[in-house]
Amino acid sequence: MARTQATFVCQSCGTSHTKWSGKCEACGGWNTIAEEGPRLPAGAGARRPTRGRPFALEDLKTEDEAPPRRITGVAEFDRVTGGGLVPGSALLVGGDPGVGKSTLILQALASYAQLGGHAVYISGEEAMAQVRLRAARMGVGEAPVALGSATCVEDILATLDGGKPPGIIAIDSIQTIWTSQLEAAPGTIAQVRTASFDLVRYAKASGAALLLVGHVTKDGQIAGPKAVEHLVDAVLYFEGERGHHFRVMRAVKNRFGPTDEIGVFEMTGRGLAEVSNPSALFLGDRNSISPGAAVFAGLEGTRPLLVEVQALVAAPGYGTPRRAVVGWDSGRLAMILAVLDARAGLGVSAHDVYLNVAGGLKVGEPAADLAAAAALLSSFTGRSLPRDCVFFGEISLSGDVRPAPQAELRLKEAVKLGFTRAIVPAGTNIRVEGLVLEAIKDVGELAGLVGEDTRVSPQHGKMRS
Ligand code: TYD
Ligand code: MG
């Protein structure tokens, strides 16, 4: 007997339940269960015979050339996708509401269309007039983008089937798209998953490159729980801190390229501007230099990036010392503090410690340890670090400073931005014109460089309290 009852699906983890309840037993989420209708039978012949038909297995080797990638002309976007969009692929662009996803996608489509490509933009959120106004404001109102406003996936597919397949098609956003095959409300997991699946299937069959825009839910996932991520070939996140103008796009999954490249944009009154030299943006104004700031010579993908790491070590209050990080991993901060205490005899653990990456960037590279340690030491001792100095190197639990990859690339970027000194891990045997390298073995040597005597003495503790 065919099941026609509705099922109850947790919108957070995707588990089906036979009845509604306030709490999902599978993931522990509260108020996450919603009623979803069954998938209606898709006409006669939908049931497959019980015995399958055999199919031929083929060689891995191919004579076919990979089809050329579709370059949008927005260089920072092309960089993150791994050098353009692959025909027949599907890509998910996620981000918080208002971060600028629609702006970026419209800009990329307009640029692609201006280069002669066939671009289709389907907006499920905004009316045509709104999209046109936005395009005019961004100065791309004349671009030959085919624009539509629709939310039903069957309508979208019928429209696309009628014409020449687009080079790139964007759906903004996947949360607004629904399919008539399901009774569930738009935006539920089943709807988003089914509609995405149908769109991805169209992309694979027609060779169009599909861009799905997805809002990140409040717990940081796209359309609930990874509901779409496994369906698509690449997942890009568009991030930006509130109060900052720049936006960073990074790939978290990419079947056709690296996942460590970032694209950097700045939100302006005329859409997103590409930032081809992000170091200058993240370093900002470094004229006034106070204790606790160190410049990290970092790397994002293939691109060097200098960022300022700021630390504040404050005299402890009562109770547990406070720790706060922005743009940094708190576990890593705890580790560096412990190493500074144990290996450089610092006695910083009892203090309140704040660590911030300037400009709102998130730094995940272990090579940033040395810059963070230098910033912490500098704040702790009250001595400013030299203004023209960069740092990089990973710190191990033993207190050793370990080499980091691509040292030359990092140092060349430092020279380009006017730095003349670099504190680097021992064993970094390269010469860079205009830069004096100081190789250090462990955090003890770093402490020696930053302050003459940072070793904690009984008086030191008293002086600060
Ligand atoms: P939008 O692309 O609509 O965000 P999303 O699609 O991710 O929800 O962008 C929203 C913000 O961008 C909005 O707050 C206004 C700002 N913005 C500009 O500052 N300049 C511009 O030219 C445009 C188009 C938007
Ligand atoms: Mg939008």
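In the block above lies the structure referred to throughout.
Residues numbered from 1 in each chain as written. Chains lettered and ligands numbered in written order. Predicted model: local features only at pLDDT ≥ 70, side-chain atom pairs only at ≥ 80, totals over all residues. Heavy atoms only, no water.

In terms of helices and strands, the protein chain carries eleven helices and 21 strands. Scored against the burial criterion, the 465 residues of the protein chain give a buried share of 49%. Long-range pairs, those at least 24 residues apart, make up 66% of the contacts in the protein chain with a sequence separation of at least 6. (Helix = DSSP H or I, 4+ residues; strand = E, 2+ residues; numbered from the N terminus. Buried < 20%, exposed > 50% of the residue type's maximum accessible area, 1.4 Å probe, protein only. Contact = heavy atoms within 4.5 Å.)

Burial analysis of strand 7 (residues 168-172) places five of its five residues in the buried class, which makes it a mostly covered element. Here strand 7 shows a buried face lined by Ile168, Ala170 and Asp172 and a second buried face lined by Ile169 and Ile171. For the crossover that starts at strand 7, traverses helix 5 (residues 189-206) and ends in the parallel strand 8 (residues 209-215), the hand is right-handed. (Right-handed = clockwise from strand over helix to strand, strands pointing away.)

The omega angle of the peptide bond from Asp172 to Ser173 is -5 degrees, so this bond is cis rather than trans. One can find Ser173 in the loop between strand 7 and helix 5. Phi at Gln406 is positive, roughly 60 degrees, even though this residue is not glycine. Turning to its location among the elements, Gln406 is positioned in the loop between strand 19 (401-402) and helix 9 (407-416).

So, on to the sheet that holds strand 11 (residues 262-268). An order of 6-5-7-8-4-9-10-11-12 is seen for the nine strands of this open sheet, with the pairing classed as mixed. What marks the edges here is a single partner per strand, and that holds for strand 6 (146-149) and strand 12 (271-274). On average, each strand axis in the sheet is inclined to that of its neighbour by 25 degrees, with strand direction left out of account. Summarising the sheet, strand 4 (residues 90-95) and strand 9 (residues 234-239) pair through five bridges and their orientation is parallel. (Pairing = 2+ DSSP bridges. Axes fitted to C-alpha atoms, helices over the stretch in contact; angles between N-to-C directions.)

Turning to the site of ligand 1, a few remarks are in order. Contacts to ligand 1 come from 16 residues, most closely from Gly98, Ser102, Thr103, Thr268 and Gly271. Thr103 has a polar side-chain atom sitting 2.5 Å from an oxygen atom of ligand 1. Contact between ligand 1 and Arg134: an oxygen atom at 3.1 Å from a side-chain N or O atom of the residue. Residue contributions to the shell around ligand 1 peak at three residues, all from helix 2 (residues 101-114). Of the residues in the shell around ligand 1, the class split is four nonpolar, seven polar and five charged. (Near = heavy atom within 4 Å. Polar contact = N/O pair within 3.5 Å; in protein donor to acceptor, adjacent residues only side chain to side chain. Nonpolar A, V, L, I, M, F, W, Y, C, P; charged D, E, K, R; others polar.)

What follows deals with the packing of aromatic side chains. Counting across every chain of the model gives one aromatic pair. Taking NZ or CZ as reference, Arg410 lies 5.3 Å from the ring centre of Phe392, over its face. (Phe/Tyr/Trp six-rings, centres within 6.5 Å; stacked < 30°, edge-to-face > 60°. Lys NZ or Arg CZ within 6 Å of the ring centre and 35° of its normal.)

Moving on, we get to the environment of Asp260. Checked against the element boundaries, Asp260 lands in the loop between strand 10 (246-254) and strand 11. Given a relative accessible area of 44%, Asp260 falls into the partly exposed group. In this structure the C-alpha to C-alpha distance between Asp260 and Glu300, which are 40 residues apart in sequence, comes to 6.3 Å.

Judged by nonpolar contacts, the single largest core of 64 residues is most densely connected at Phe296, Trp328, Leu361, Leu376, Phe391 and Leu446. No other element matches the nine residues that helix 8 (residues 369-381) contributes to this core. With near-sequence residues (within four places) excluded, Phe391 lies in contact with Ala294, Val295, Phe296, Ala297, Leu370, Ala371, Ala374, Leu385, Ile423 and Leu446. The next biggest cluster of nonpolar side chains, apart from the first, holds 34 residues, and it includes Leu104, Ala110, Ala209 and Met249. (Core = buried A, V, L, I, M, F, W, Y, C linked by side-chain atoms within 4.5 Å.)

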